[in-house]
Amino acid sequence: MQQKENISELLRRYILNECSPEETEAVISYFRSATNSNDLPSVVDVLNLLKEHRKLENISSDISFPVMLKVAKEKDQVANSKVGPSISWRKYASIAAIFFGVMLTGYFFWQNQNADDILIIPPDAITLELEDGSIEILSEDGSKDVVDKNGKLLGRQSGNLISYEKTGSTEELVYNTLTVPYGKRFDLKLSDGTIVYLNAGTSLRYPVKFLDEQNREVYLTGEAFFEVSKDSLHPFVVGADRLDVRVLGTQFNISSYPEDDSTDVVLVEGSVGMHGKTETFNENTSTILTPGFKGSFEKSNGTIKTQAVVTEVYSSWIDGQLVFRNMTFENILKKMERHYDVSIINNNHGLANEVFNASYGKVSLQKVFEDLKQTHGIEYSIEGTDIIIN
């Protein structure tokens with residue numbers, strides 16, 4: 001009990017940016033243990049970042065403190081559980097997001113010595129980050145204007161679609177970032193008319209208006225389907241981690257989640273060129289896809305492999321479907337975690353690399369697992385938002 005009280009006090013001091021270097025090291029050690037990972041920053045890195053982090057008033061810490069304690073509780077539950085040796089990537093990402101969010105931005109709190117100025121970003125919120133760093137929360141059935149720092153209209157939200165204006169006097173690149181959490185979807189119409197469908201767990205950074213004499217460049221983390229407006233003078237380039245995808249006008253799907261081993265591009269219409277971010281596009285040396293093919297950029301070595309595929313399998317998520325074709329059970333679980341916003345712990349390690357085929361419409365997660373149980377004998381249990389496979 002005393003140890004838990006000490007941890008609680010330490011986390012509260014950390015939120016308030018009152019920790020000594022030794023206490024900061026203890027916080028990092030605690031979260032490294034919670035995530036079962038060594039990928040957290042060093043004490044020196046954290047202290048350097050904290051110099052830029054404003055101290056939160058007690059009223060803000062009181063709001064964010066329960067979030068930190070929830071992480072601590074999950075850590076203790078996992079440590080004492082017989083379910084499995086480690087938490088899933090999704091839970092790691094959640095903990096890491098809270099850790100870095102508190103460290104860098106006070107978990108998205110802005111305040112001017114006034115409690116009314118506090119903005120809380122729920123973890124399941126669709127967000128739009130504007131050019132000045134401010135963040136707006138979007139509802140899937142909402143309606144609002146998107147304006148710049150001077151109040152000029154940039155675009156409008158109508159339901160689950162934001163459309164940006166084609167006209168404007170912007171003479172410099174100004175970016176917005178749309179972020180969609182697990183379990184949700186959202187769409188975007190860029191200033192050139194390009195339509196982007198964003199899948200769950202996806203973030204897209206894009207100019208509010210593309211400029212003349214420049215390529216149309218956007219930056220993707222996650223998965224999105226693009227319907228690119230044709231413009232032979234201004235190629236459309238998607239930056240996805242260490243891969244660039246260059247097009248003139250086409251329809252294609254890109255899946256580039258951080259936890260996946262590869263970035264996959266599936267071409268439905270037109271043509272695209274794939275090349276490493278450090279390379280220059282060249283029609284003779286870059287990988288050129290034709291419709292009906294998938295290009296996979298292996299993150300470990302930078303190689304690109306191509307193969308013929310049924311493209312509908314890779315775009316079915318737009319209509320809320322789950323389609324698995326020759327997919328390992330491990331990758332199926334990743335997709336279900338994103339689609340349903342749950343954490344899945346697989347204790348049946350023999351299943352991880354087995355290959356499955358399945359198709360599901362807009363059905364509940366329990367329906368999917370009941371089908372897996374009946375057809376493949378997979379045993380499972382549901383505990384809140386955690387699914388345990390035995």
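On a predicted model such as this, the values are computed, not experimentally measured, just so you know. (Residues numbered from 1 in each chain as written. Predicted model: local features only at pLDDT ≥ 70, side-chain atom pairs only at ≥ 80, totals over all residues. Heavy atoms only, no water.)

> Looking at this model, I keep getting lost on the overall build of the protein. Mind explaining?
In terms of regular secondary structure, the protein is built from 8 helices and 23 strands. The proportion of buried residues among the 390 residues of the protein is 47%. Intrachain contacts of the protein at a sequence separation of at least 6 include 53% that bridge at least 24 residues. Summed over its atoms, the accessible surface of the protein is roughly 19500 Å², and 47% of this surface lies on carbon and sulfur atoms. (Helix = DSSP H or I, 4+ residues; strand = E, 2+ residues; numbered from the N terminus. Buried < 20%, exposed > 50% of the residue type's maximum accessible area, 1.4 Å probe, protein only. Contact = heavy atoms within 4.5 Å. Areas by Shrake-Rupley, 256 points an atom, 1.4 Å probe, with all protein chains shown as cover.)

> How should the nonpolar core be read in this particular structure?
Looking at soluble globular proteins, one finds that nonpolar side chains tend to be buried together. If you look at the biggest cluster of nonpolar residues, it comprises 39 residues, and the most contacted ones within it are Phe226 and Phe252. Residues Ile332, Ile344, Leu365 and Leu372 belong to the second largest nonpolar core, which totals 22 residues. (Core = buried A, V, L, I, M, F, W, Y, C linked by side-chain atoms within 4.5 Å.)

> Just checking my understanding: could you explain the pattern of salt bridges for this structure?
It is possible for side chains of opposite charge to pair when their charged atoms get near one another. Counting across every chain of the model gives 10 salt bridges. With its nearest N and O atoms 3.6 Å apart, the salt bridge here joins Asp260 to Lys334. Here Lys334 lies in helix 7 (residues 329–340) and Asp260 lies in the loop between strand 13 (251–256) and strand 14 (262–269), a separation of 74 residues in the sequence. Notably, a salt bridge pairs Asp260 with Arg338, separated by 3.1 Å at the nearest N-O pair. Here Asp260, found in the loop between strand 13 and strand 14, pairs with Arg338, found in helix 7; they are 78 residues apart in sequence, far enough to count as distant. Neither residue differs from the other here; Asp260 and Arg338 are each classed as buried. (Salt bridge = Lys/Arg side-chain N within 4 Å of Asp/Glu carboxyl O.)

> Would you take a moment to explain the sheet that holds strand 20 (residues 343–346) for this structure?
Two modes of strand pairing occur in sheets, parallel and antiparallel, and in both the strands are linked by backbone hydrogen bonds. A sheet is described by the order of its strands in space; here 3 strands give the open sequence 20-23-22, paired in mixed fashion. Edge positions in the open sheet fall to strand 20 and strand 22 (380–383), since each of these has one partner strand only. Averaged over neighbouring strand pairs, the angle between their axes works out to 20 degrees when direction is ignored. By the bridge criterion, 4 bridges tie strand 20 to strand 23 (residues 386–389) in an arrangement that is parallel. Pairing of Ser343 across the sheet is with Asp386, part of strand 23. Where helix 8 (residues 365–376) meets the sheet, its contacts fall on strand 20, strand 22 and strand 23, and the angle it forms with strand 22 comes to roughly 165 degrees. (Pairing = 2+ DSSP bridges. Axes fitted to C-alpha atoms, helices over the stretch in contact; angles between N-to-C directions.)

> It is not clear to me how the packing of aromatic side chains should be interpreted in this structure. Could you clarify?
What characterises a pair of aromatic rings is the spacing of the ring centres plus the angle enclosed by the ring planes. Taken as a whole and assessed by the stated rule, the structure comprises 9 aromatic pairs. With centroids separated by 5.3 Å and ring planes inclined at 75 degrees, the aromatic side chains of Tyr164 and Tyr206 adopt a geometry described as edge-to-face. One end of the pair, Tyr164, is in strand 5 (residues 161–164); the other, Tyr206, is in strand 9 (residues 202–207), with 42 residues separating them in the sequence. Residue Tyr164 is classed as buried on the basis of its relative accessible area of 5%. Taking the relative accessible area as the measure of exposure, Tyr206 reaches 0% and is therefore buried. With 5.1 Å between their ring centres and 10 degrees between their planes, Phe226 and Phe252 make a pair best called stacked. On the criterion of sequence distance, the pair formed by Phe226 in strand 10 (residues 216–227) and Phe252 in strand 13 is long-range, its members being 26 residues apart. Relative accessible area serves as the criterion here: at 0%, Phe252 is assigned to the buried category. Three or more aromatic residues joined by ring pairs make a cluster, and in this case those are Phe210, Phe226, Phe236 and Phe252. Positioned above the aromatic ring of Tyr175, the side-chain terminus of Arg205 is 3.9 Å from the ring centre. (Phe/Tyr/Trp six-rings, centres within 6.5 Å; stacked < 30°, edge-to-face > 60°. Lys NZ or Arg CZ within 6 Å of the ring centre and 35° of its normal.)

> Can you help me understand helix 8 in this one?
One turn of an α-helix holds 3.6 residues; hence residues three or four places apart share an orientation. The terminal C-alpha atoms of helix 8, which comprises 12 residues, lie 16 Å apart, in line with the 16 Å expected from a rise of 1.5 Å per residue. As for helix 8, its buried residues are in contact with helix 7, strand 20, strand 21 (355–360), strand 22 and strand 23. Positive phi shows up at Gly377, right after helix 8, with a value of about 70 degrees. (Expected span 1.5 Å × (residues − 1).)

> Please explain the environment of Val342 as it appears in this structure.
Mapped onto the elements, Val342 comes out in the loop between helix 7 and strand 20. Along the chain, Val342 and Gly384 lie 42 residues apart, while their C-alpha atoms are 8.9 Å from each other.

> Please explain the pairing of strand 7 (residues 186–189) as it appears in this structure.
Regular strands have side chains that alternate between both faces of the sheet. Strand direction decides the pairing type here: strand 5 and strand 7, joined by 3 bridges, are parallel. Its bridge partner being in strand 7, Leu161 is matched across the sheet by Asp187. As paired strands, strand 7 and strand 8 (residues 195–198) are joined by 4 bridges and run antiparallel to one another. Directly across from Phe186, in strand 8, lies its bridge partner Leu198. Where strand 7 folds back on strand 8, the antiparallel hairpin that results is connected by 5 residues, among which Gly193 adopts a positive phi of roughly 95 degrees.

> How do you make sense of the side chain of Arg338 when you look at a structure like this?
Accessibility expressed as a relative area gives 4% for Arg338, which makes it buried. Sequence-distant contacts of Arg338, defined by excluding residues within four places in its chain, comprise Tyr182, Gly183, Ala200, Tyr257, Glu259 and Asp260.

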